Amino acid sequence: VNAGAGSRAVEEKGGREKVAERNGVSTSVNHGRNQNQVVGARDNQADQSEKENAPAQPTPLSPSKNSNSMSTKQSLSTSNHTPSSASPSPQMQQDSPTTPPDPHQSTDVDAAPSTPSSALTAPVGIPKEVIPAMRKAFSNLCTNPSGVLFENQLLQVGVKHEYVGCQGRISVFFGNLSAAPLESFRVWVDDCDHLRLQKQGTQGLLEDDGCSVAVRTQAKLLLLVEVTAPFDDAPAMRVSFQTTEGVRHEYPLRLPIVATCFMEPVTLEPGAFMQRWKSLEGQDRECQEVVKAPPNATPIDEEYMGRIAVIITDGLKFGRCRGCDPTPWTVSGAATFRTAAKDLNGNNINVGCLVRVEANPQAGAFRVTTRTLHPLCSKAVKNVALVSIKLA
């Protein structure tokens, strides 16, 4: 019994020693952990103290090229938009070489432009390929009562004009040839010192905001004119509109209102014509120029001279004076330029005009000579005669 009790005592003592041994290991481990926590806390307090006591660093005037990823993330986080991965950060944009800002481009990529793009670019003018046809159309209208003044894929401008003495009535039609409306359609006609102008048109056509011209419709302009003095230039007209794509077009044109529009034909006998012709000699009264016939024109013959005679009588509104020369290669005419200006006696001031066109069939050329009492009248008649002969 004692032996059994002794063995159990030994076993209990051995068990207590093992338990004690295990408790000692656990205690030492926990003690080590507590010491590490204390040391870490002391290190954190020391770092915080050093940060608080360290002098403040000056803020750099410009971002550094070596900015870390944290500053980049902070700068990106302040934006309300999430930039794509291809877009550089604000710091990288400032580090790259700078270029002068474009005054027509918004600096905010996400901001909508305050004005349409058409307002920031120059308007589209008359295409170069249209200019030759436009000049020919103008010349035709100087001697014809109606026709097309301008035409392209978007717009057609037609003119119909008639005159009595010093007054005229000009109708201008603006037709939309495109597949969409022409917006902000506006027309300007320059005022002239030698013309009194009254302008009427489609509602909005002459106003700042303009009007809208629907597809296959027309806007109309009516001009009532009265000439007050000799002149040698045609009034300027400017047409402006905007397409539905936002492209603005602006076409500078000339109205075919020329001095010969206000002529009244005069028929003179050969002797009377030659007498007045000689009385108007002088540098300030005569204009003369030689013009070649068009390259594709037929040889100058009597039929050709018949077309020249029609230009003088129907186009320039001169009365033909037959028999002034024994040769068939000369056409002579006379007219009176009417004005609304008054002299001291209250009579209208008029200017007598004479013209001669002499042909040289061998050289394929014409010499145009005009004589009037006013230099501008002489120049104006000569210019219209020249362009008309080129189209004969």
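Keep in mind it's a predicted model, so treat the numbers as computed, not measured.

Participant: I'd like a description of the sheet that holds strand E7 (residues 218–227), backed by residues and values.
Facilitator: With respect to topology, five strands assemble into an open sheet ordered E1-E2-E3-E7-E5, the strand pairing being antiparallel. This sheet does not close on itself; its edge strands, each paired only once, are strand E1 (146–151) and strand E5 (195–201). Each strand axis lies, on average, 20° off the axis of its neighbour in the sheet, ignoring direction. In this structure, E5 lies alongside E7, joined through seven bridges in antiparallel fashion. Paired with Lys-199 across the strands is Leu-223, a residue of E7. Sheet strands in contact with helix H4 (residues 131–142) are E1 and strand E2 (155–164), and its direction is about 160° off that of E1.

Participant: Can you lay out the pairing of strand E14 (residues 348–360) for me, pointing to particular residues and giving the numbers?
Facilitator: Put simply, side chains in a regular strand alternate between the two faces of the sheet. Direction of pairing for strand E13 (residues 330–342) relative to E14: antiparallel, over a ladder of ten bridges. Residue pairing in the sheet places Thr-336 in a bridge with Gly-352 of E14. Connecting the antiparallel pair E13 and E14 is a turn made up of five residues, with Gly-346 showing a positive phi of about 85°. Relative to strand E15 (residues 365–372), E14 is paired through eight bridges, and the arrangement is antiparallel. Counterpart to Leu-354 in the pairing with E15 is Arg-371.

Participant: Let's hear about the sheet that holds strand E8 (residues 236–242): which residues, and what values?
Facilitator: Sheet strands line up and pair through hydrogen bonds in the backbone, either parallel or antiparallel. Here we have four strands laid out as an open sheet, ordered E6-E4-E8-E9, and antiparallel in their pairing. Only two strands of the sheet have a single partner each, and these edge strands are strand E6 (211–213) and strand E9 (248–254). Adjacent strand axes in the sheet meet at a mean angle of 30°, parallel and antiparallel pairs treated alike.

Participant: Account for helix H6 (residues 302–315), naming residues and giving values.
Facilitator: Within an α-helix, residues lying three or four positions from one another point in the same direction, as the helix has 3.6 residues per turn. Between its first and last C-alpha atoms H6 spans 19 Å; for 14 residues at 1.5 Å apiece the expected length is 20 Å, and the two agree. As for H6, its buried residues are in contact with H4, strand E12 (319–320), E13, E14, E15 and helix H7 (375–390). Between the side-chain oxygen of the N-cap and the backbone nitrogen of Glu-303 there are 3.3 Å, and the N-cap of H6 in question is Asp-301. Positioned one or two residues after H6, Lys-317 has a phi angle of 60°, which is positive.

Participant: Explain the nonpolar core to me, using residue names and the numbers behind them.
Facilitator: One finds Phe-174, Phe-185, Met-237, Leu-253, Phe-262, Phe-337 and Phe-366 to be the most contacted residues of the largest nonpolar core, which totals 73 residues. Top element by residues in this core is H7. It accounts for seven residues. With residues near it in sequence (within four places) discarded, Leu-253 still touches Ile-126, Met-134, Leu-149, Phe-150, Val-157, Pro-235, Ala-236, Met-237 and Val-239. Formed by eight residues, the second largest nonpolar core is a distinct cluster that contains Leu-268, Leu-280, Cys-324 and Leu-354.

Cut-offs and rules
- Residues numbered from 1 in each chain as written.
- Predicted model: local features only at pLDDT ≥ 70, side-chain atom pairs only at ≥ 80, totals over all residues.
- Heavy atoms only, no water.
- Pairing = 2+ DSSP bridges.
- Helix = DSSP H or I, 4+ residues; strand = E, 2+ residues; numbered from the N terminus.
- Axes fitted to C-alpha atoms, helices over the stretch in contact; angles between N-to-C directions.
- Contact = heavy atoms within 4.5 Å.
- Expected span 1.5 Å × (residues − 1).
- Polar contact = N/O pair within 3.5 Å; in protein donor to acceptor, adjacent residues only side chain to side chain.
- Core = buried A, V, L, I, M, F, W, Y, C linked by side-chain atoms within 4.5 Å.
- Buried < 20%, exposed > 50% of the residue type's maximum accessible area, 1.4 Å probe, protein only.

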